[in-house]
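Each chain, written out:
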Amino acid sequence: MKAIWNGEVIAESDDTVVVEGNHYFPASALKREFTTFSNHRTTCPWKGQAHYFSLLVHGDMNPDAVWYYPEPSEAAAEIKDRVAFWKGVQVTE
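Just so it is clear, the structure is predicted and the values come from calculations on it, not from any experiment.

Criteria and cut-off values
Residues numbered from 1 in each chain as written. Predicted model: local features only at pLDDT ≥ 70, side-chain atom pairs only at ≥ 80, totals over all residues. Heavy atoms only, no water. Salt bridge = Lys/Arg side-chain N within 4 Å of Asp/Glu carboxyl O. Helix = DSSP H or I, 4+ residues; strand = E, 2+ residues; numbered from the N terminus. Buried < 20%, exposed > 50% of the residue type's maximum accessible area, 1.4 Å probe, protein only.

## A closer look at the pattern of salt bridges
Then comes step 1: The final tally for this structure, using the stated rule, is two salt bridges.
Then comes step 2: The salt bridge involving arginine 82 is made with aspartate 15; its shortest N-O contact spans 3.0 Å. Here aspartate 15 lies in the loop between β2 (8-12) and β3 (17-19) and arginine 82 lies in strand β8 (residues 82-85), a separation of 67 residues in the sequence.
Then comes step 3: Of the charged contacts, one joins glutamate 20 and lysine 47 as a salt bridge, the two residues approaching to 2.5 Å between their closest N and O atoms. Of the two residues, glutamate 20 is situated in the loop between β3 and β4 (22-26) and lysine 47 in the loop between β5 (35-44) and β6 (48-57); the sequence distance between them amounts to 27 residues.
Then comes step 4: According to the relative accessible area criterion, lysine 47 is buried, its value standing at 5%.

Here you go:
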């Protein structure tokens, strides 16, 4: 699977976990040169608190486009150390 935004592959891995229709990539697959800090947080009733990264690719910013659960609930343990994407990031084979 590949996560692509603004013409760049942001993450690539054959090891994704699908939860609620979202592919969670290993955190190590995320190309950190395209990420920047975000202090945005949200809470999922069953997964826990999500943290975010923004993407910065070719001078274009995509705020809060990457999310992860640093301490997921026990029910969501399979997504620990994984990241997922939204906001126009295309996830494809």
